[in-house]
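In case you want the letters, here they are:
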Amino acid sequence: MSYQFTLSMIPLALGALVSFAMAFYTWQNRKAIGATSFAIMMLMLYEWEICYIFQLAGTDLPTKLFWDKLMFVGVVATPVAWLAFALEYTRRKTWLTAGRLISLSIFPLLTITFILTNELHQLFWTKIALTYQGGFFLLDNINGPWFWMHALYSYTLITIGMVLFVRALLRWPKQYRAQMTWILLATLTPFIANIIFVFKIVPILIDITSFALTFSAIGLAFALFHHRLLDIAPIARDIVVDGMKDGMIILDANRRIVDINRAAQQMIGLSSDQPHIGKPVAEILSKWPELVQRYRDLLEAKDEVSIGEGENQRWIELTLSTLLDENKSILGRVLTGRDITDRKQAENKLQESEARFRQIVENANDVIYRVDNNGYVTYANPATIRILGYESEKDVVGRHYLELVAPDARAKVRRAYVHQFLSKTPTTYHELPIIAGDGSETWLGQKVQLIQEGGQIMGFQALARDITEIKQAQDALRLARDQALEANLAKTRLLSKVSHELRTPLGGILGYAELLQRNTFGELNEKQQKAASQIIESSDYLATMVNELLDEAQLRSSAATLHETVFSPATLIEQATSGMDILAQKKGLEFFAQVDPNLPRAIYGDDRRIRQIVINLIGNALKFTKKGSVHLNVTCQGDNYWGIQVIDTGIGVPAEAQEAIFEPFQQVHSELTNDNRGIGLGLSITKQLVELMNGKIVVESEPGKGSTFTVLLPIKGVG
Amino acid sequence: MTKPFVLIVEDDPKLNEIINLTLQGDFELETCADGNTAMELLANIIPQIVVLDLHIPGTPGREILTHLRSDKRFWRTRVILTTADNRLAETLHNDVDIVLLKPVSPNQLRELALRISSLQ
């Protein structure tokens, strides 16, 4: 083997070098779309070029033929790699299954087989010859039928690839077009060169495909480095535009469809099989002539349109925008449609529910209104207008709420609101007078609720009711109560006065009667003695009645408050019982008092009232006891209570009357009590006093044998 | 033995007479019907018992009571209060020896007067 290298081979070598570099570089970035097939294609080109250099350099036929045959490996593989690259780069990789790749490779493999076995059948080359022209040894083969088959196959693959690129070029965004153009130019150049060589259109000696391949490689390199061919693969229109949920139609300046995505086709109800590009938009949207007419000359528009009916009704939000170039002339229009059915349905439901609630509020008989945080009425329902006697909504809405409040009450109402706002009390209740439409005062009882949004107070809403009548009734009631209280007080005063005034003449009656009885004014006979006794008894009864009436009146009035001081219970008992033994003796009764020595020396309490209790109980016992004794027993009941017990041997209280005797004006009626009249207030007063002191009173009694009244009072220590 | 000396201050003539008649055999009595006379009398005499009505003309009964309780000369003097005002009577319970709410029973008055005079 001998070779003859010439300077004319340098461009071929450079081309090979560039091809190899490209193959290497893209292999490094093989993750990029189409990079693998592009790298293989470059590697095959490299092989092609290297083999061609050696074929040219060879000076004898066997050498040349060896390299020529070897070269065809690259020659047959390049179109397949090219097609694979085109498919991958234009996002049709899925088409390129392993089976199809193998099928595509069958023909090239057959070609290689025929080339290697050409000596046997001359199907590829009918004649192999070496010529010497212009100082070069050149291979001058005559191509056989299979060569033309191979050529046809290769051109077909290359053409398909180019068509794919051209189609993509038309659709892709502008920024990808330069890149695509470079790829096409780079591909087209060797293709044309090859056609020229193969068909010997121009008589040239060397296969200029190699030069073309150099240009091609440089072109691709430019595409690669300048337009970052493989770094940023174009964002697939299919993925983005067809994958969009929103429908999109792009129109040119003549309102013809330039692009329409799948979502738009579905929304309109077009089949995706038919080509729509190029059709006038009016044809596609023929179902909505009104819309087309309206949008015809608009630059921008936004609408909500309904498509379909019943269950299939969809709501679409249409947006029209216009694409302008730098000179503000219309390039085209973009129509996008968004399916807003869900939102629309939610809105409708909200509207329905709002309408429902509005109806409730509007038809309510109560006053319902809203006020913003500056105090202006923003809403008032018809009841507000009606109840307040205004003409229309304008009389209320838009006014400051204080304007509606009666002048006298404004400051107070304002304070209440301010307090509620500051303290952020969610709800309050106020009663306030409102100036009605006719200038009269209407009282509202209203529940005021703060309106808060995200912690911010937006105002308040109130639910109110006309309480004018209730208010008037309340006022009347209050007046009646005051009058009653006053009358009651007057009654008490009168009773006090009357009983006080009665005491003095009673003193005269009782005094003279007793003096008569004691024969102060001379000896009395039996009848006179008896008459004196009757006078004494009657005046005693009258005195008791006066006392009881007075006590009752005082207890029922505001006088029934305790005046607590520190006192000695022993001293109190001594004072209260002084004179009791005299009264007892007068009736022939025995009286004695016993005080528990463990009783505290000092107790906190209302000593006057306690004295009154003791006197009442003993007085009562003396009154209802004919013979026997009355016994006072003051005891200590644990740490917390002390007891005042009055035990008599009197007529007793029947079990059924034991509760009633503590009611006012109740007495046990029996022949035994006939002589002991009273008006029956003593025990009632005693019970009231005991309860006022948080104590209790109980009675144990057996009729005929006697009664035991026990009062338990809490011990309030002195400390 | 000398009878205990009692000063009766009572403006109502009937009650005054009753008290006089009640106490006469057992006590030495001095009677007046108004506060001023009572105060004049008390300047010269030291009674063992004063039967005092609160509602009297002239110097009020309360003032007489205060006078009796503040002057050391009267340290042994006992006071029996007679009144128709039960509330007032209650407030004065601790300042006097006995309170008798009107109508006063002559028998009771006599017994009590005898008892407190015998305690001395």
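The residue numbers shown here count from 1 along each chain, following its written sequence. All chains are assigned letters beginning with A, and all ligands numbers beginning with 1, in the order in which they are written. Local features are withheld for residues below a pLDDT of 70 in this predicted model, meaning they are given only at 70 or higher, and side-chain atom pairs are given and counted only at 80 or more; totals for whole chains, interfaces and linings count all residues. Side-chain metrics rest on all non-hydrogen atoms present in the structure, leaving aside hydrogens and water.

Some details on the overall build of chain A
Helix and strand assignments follow DSSP, with helices taken as H or I runs no shorter than four residues and strands as E runs no shorter than two, numbered in order from the N terminus. On a plain count of helices and strands, chain A comes out with 22 helices and 21 strands. Only protein chains enter the accessibility calculation, which uses a 1.4 Å probe; a residue whose area is less than 20% of its type maximum is buried, one above 50% is exposed, and one in between is partly exposed. Sorting the 719 residues of chain A into buried and exposed places 43% on the buried side. In chain A, 58% of the contacts between residues at least 6 apart in sequence involve partners at least 24 apart. The protein chains shown are the only cover counted for residues, whose accessible areas, like all others here, come from Shrake-Rupley with a 1.4 Å probe. In the structure as shown, chain A presents an accessible area of about 38,800 Å², 58% of it carried by carbon and sulfur atoms. We call two residues in contact whenever any of their non-hydrogen atoms come within 4.5 Å of each other.

Side note on the pairing of strand S11 (residues 377–380) of chain A
All names here are of chain A. Note that strand S10 (residues 367–372) and S11 share three bridges and pair antiparallel. Bridge pairing in S11 links Arg370 to Tyr379. For two strands to be treated as a pair, DSSP must find at least two bridges joining them. Between the antiparallel neighbours S10 and S11 lie four residues, among them Gly375 with a positive phi of about 95 degrees.

A short note on the sheet that holds strand S20 (residues 696–702) of chain A
Residue and element names in this part refer to chain A. On the basis of which strands lie adjacent, the open sheet formed by five strands has the order S16-S18-S19-S21-S20 and mixed pairing. Of all the strands in the sheet, the pair left with one neighbour each is strand S16 (590–595) and S20. Here the average twist between neighbouring strands, direction ignored, is 15 degrees. Where S16 lies against strand S18 (residues 629–637), six bridges are found, and the strand directions are parallel. Every angle, taken between N-to-C directions, lies between 0 and 180 degrees, and every axis is a line fitted to C-alpha atoms, over only the stretch in contact when it is a helix.

Some remarks on the environment of B:Asp97
All names here are of chain B. Its place among the elements puts Asp97 in the loop between helix H4 (86–91) and strand S5 (98–101). Accessibility expressed as a relative area gives 30% for Asp97, which makes it partly exposed. Between the C-alpha atom of Asp97 and that of Leu81, which follows or precedes it by 16 residues, the distance is 7.9 Å. Non-local contacts of Asp97, meaning those with residues more than four positions away in its chain, are made with Arg69, Thr77, Arg78 and Val79. Separated by 3.2 Å, the side chains of Asp97 and Arg78 make a polar contact. Polar contact is the term for a pair of N or O atoms within 3.5 Å; when the atoms are in protein, one must be able to donate a hydrogen and the other to accept it, and sequence-neighboring residues count only if both atoms are side-chain atoms.

Topic: empty space enclosed by the protein
All names here are of chain A. Cavities and pockets were defined on a 1 Å grid built over protein atoms only: a cavity is a set of grid points that admits a 1.4 Å probe from which the probe cannot escape, a pocket is an open set flanked by protein on both sides within 12 Å along at least five of seven lines, and lining residues are those with an atom within 4 Å of any such point. Grid points are joined across faces, edges and corners, and a volume is the space filled by probe spheres set on the points. Here the structure, examined in full by the defined rule, presents five cavities of 30 Å³ or more. Its volume calculated, the second largest cavity comes out at about 190 Å³. Mapped onto the lining of the second largest cavity, the elements with two or more residues apiece are strand S5 (247–252), helix H10 (262–268), strand S7 (301–307), strand S8 (314–324) and strand S9 (330–339). Gly is placed with the polar residues, together with every amino acid not listed as nonpolar (Ala, Val, Leu, Ile, Met, Phe, Trp, Tyr, Cys and Pro) or charged (Asp, Glu, Lys and Arg). Across the lining of the second largest cavity, the residue classes tally to 13 nonpolar, four polar and no charged.

Quick word on the sheet that holds strand S4 (residues 78–83) of chain B
Sheet strands associate in pairs through backbone hydrogen bonding, adopting either a parallel or an antiparallel arrangement. Residue and element names in this part refer to chain B. Strand order in the open sheet formed by five strands is S2-S1-S3-S4-S5, and the pairing between neighbours is parallel. Where the open sheet ends on each side, the last strands, each with one partner, are strand S2 (28–32) and S5. Each strand axis lies, on average, 15 degrees off the axis of its neighbour in the sheet, ignoring direction. Relative to the sheet, helix H2 (residues 35–44) contacts strand S1 (5–9) and S2, its axis offset from that of S2 by approximately 140 degrees. Its contacts with the sheet put helix H3 (residues 61–70) on strand S3 (49–53) and S4, and the angle it makes with S3 is roughly 155 degrees.

Quick look at the side chain of A:Glu514
In this structure, A:Glu514 sits in helix H17 (residues 468–517). Separated by 2.7 Å, the side chain of A:Glu514 and the backbone nitrogen of B:Asn107 make a polar contact. If near-sequence neighbours (up to four positions away) are discounted, A:Glu514 is found in contact with A:Ile536, A:Lys586, B:Ser105, B:Pro106 and B:Asn107.

Some thoughts on the nonpolar core
All names here are of chain A. As used here, the term nonpolar core means buried Ala, Val, Leu, Ile, Met, Phe, Trp, Tyr and Cys residues forming a set that is joined through side-chain atoms within 4.5 Å. Counting 54 residues, the largest nonpolar core has Phe72, Trp82 and Phe165 as the members making the most contacts within it. Elements that contribute at least two residues to this core include exactly helix H1 (10–28), helix H2 (35–57), helix H3 (61–89), helix H4 (98–116), strand S3 (136–139), helix H6 (145–171) and helix H7 (174–198). The element contributing the most residues to this core is H3, with 15 residues. In contact with Phe72, not counting residues within four places along its chain, are Ile112, Ile115, Phe124, Trp125, Phe147 and His150. Of all hydrophobic cores here, the second largest spans 39 residues; its members include Ala584, Leu622, Ile685 and Ile715.

Here's the deal with the packing of H17(A) against helix H1 (residues 13–23) of chain B
One way to put it is that H17(A) packs onto H1(B) with a least axis distance of 9 Å and a crossing angle of 30 degrees. In terms of orientation, H17(A) lies roughly parallel with respect to H1(B). Between H17(A) and H1(B) lies a crossing whose hand is left-handed. Residue-level inspection shows A:Thr504, A:Gly507, A:Gly508, A:Gly511, A:Tyr512 and A:Leu515 of H17(A) in contact with H1(B), the latter providing B:Lys14, B:Leu15, B:Glu17, B:Ile18, B:Leu21 and B:Thr22. Angle categories: roughly parallel below 35 degrees, roughly antiparallel above 145, roughly perpendicular from 65 to 115, and oblique for all the rest. The handedness criterion is simple: a crossing whose near helix is rotated anticlockwise from the far helix by less than a right angle is left-handed, and one whose near helix is rotated clockwise is right-handed.

Side note on H4(A)
All names here are of chain A. In this scheme, a helix's expected span is set at 1.5 Å multiplied by one less than its residue total. The end-to-end C-alpha distance of H4 is 26 Å, a good match for the 27 Å that 19 residues give at a rise of 1.5 Å each. Think of it this way: the bend at a residue is just the angle between two axes, each fitted to seven residues, one set ending at that residue and the other starting at it. In H4, a bend of some 30 degrees at Ile106 exceeds every other bend along the element, and Pro108, a proline, comes one to four places later. Residues Leu104, Phe107, Pro108, Thr111, Ile112, Phe114 and Ile115 constitute the buried set of H4.

Focus: the packing of aromatic side chains
Residue and element names in this part refer to chain A. In this analysis, rings of Phe, Tyr and Trp, with Trp reduced to its six-membered ring, are considered paired at centre separations within 6.5 Å, and the interplanar angle assigns stacked below 30 degrees, edge-to-face beyond 60, and tilted for intermediate values. All chains considered together, the criterion is met by 23 aromatic pairs over all chains. Pairing Phe5 with Phe54 gives two aromatic rings, centres 6.0 Å apart and planes at 85 degrees, and the pair type is edge-to-face. Here the residue Phe5 occupies a position in the segment before H1, and Phe54 occupies one in helix H2, the gap between them amounting to 49 residues. Judged by its relative accessible area of 26%, Phe54 is partly exposed. Both rings, one in Phe20 and one in Tyr46, keep their centres 4.9 Å apart while their planes meet at 50 degrees; by these two values the pair is tilted. Of the two residues, Phe20 is situated in helix H1 and Tyr46 in helix H2; the sequence distance between them amounts to 26 residues. Grouping aromatic residues by their ring pairs yields a cluster made of Tyr3, Phe5, Phe54, Phe66 and Trp67.

Thoughts on the environment of A:Tyr3
Residue and element names in this part refer to chain A. Mapped onto the elements of the fold, Tyr3 is located in the segment before H1. Judged by relative accessible area, which is 31%, Tyr3 ranks as partly exposed. Here Tyr3 is in contact with Phe54, Ala57, Gly58, Thr59, Thr63 and Trp67, once residues within four sequence places are set aside. For Tyr3, the side chain forms a polar contact with the side chain of Trp67, separated by 2.9 Å.

Some thoughts on the interface of chain A and chain B
Chain A puts 30 residues into the contact, and the matching count from chain B is 28 residues. By buried area we mean the combined loss of accessible area, with a 1.4 Å probe, across both parts when two parts are placed together. Counting the surface lost from both chain A and chain B, the interface buries some 2,700 Å², and carbon and sulfur atoms represent 56% of this. Taking the shortest distance from any N to any O, the salt bridge between B:Arg115 and A:Asp581 comes out at 3.1 Å. Listing elements by their share of the side of chain A that touches chain B, those giving two or more residues are H17, helix H18 (526–556), helix H20 (580–586) and helix H21 (607–623) of chain A. Among the elements that line the side of chain A that touches chain B, the one with the most residues is H17(A), at 11 residues. Among the residues making up the side of chain A that touches chain B, the classes are represented as 10 nonpolar, 11 polar and nine charged. Counted as salt bridges are all cases of a side-chain nitrogen of Lys or Arg within 4 Å of a carboxyl oxygen of Asp or Glu.

Some points on unusual backbone geometry
Cis rather than trans, the peptide bond between B:Lys102 and B:Pro103 has omega equal to 5 degrees. In this fold, B:Pro103 is placed in the loop between S5 and helix H5 (106–118). Backbone geometry at A:Lys424 places phi at a positive 55 degrees, although glycine is not the residue there. Relative to the helices and strands, A:Lys424 resides in the loop between helix H16 (410–423) and strand S12 (427–435). Residue class for A:Lys424 comes out partly exposed when judged on its relative accessible area of 42%. Although it is not a glycine, A:Asn694 adopts a positive phi angle of roughly 60 degrees. Relative to the helices and strands, A:Asn694 resides in the loop between helix H22 (682–692) and S20.

Observations concerning the confidence of the model for chain B
Residues and elements named next belong to chain B. For every residue, the pLDDT score states the predictor's confidence, bounded by 0 at the bottom and 100 at the top. Confidence in the prediction for chain B averages 88 pLDDT; 98% of positions are at 70 or higher. Across chain B, element-level confidence peaks in S1 with a mean pLDDT of 95 and bottoms out in H4 with 74. If you check the scores for this complex, the pTM reads 0.40 and the ipTM reads 0.89.

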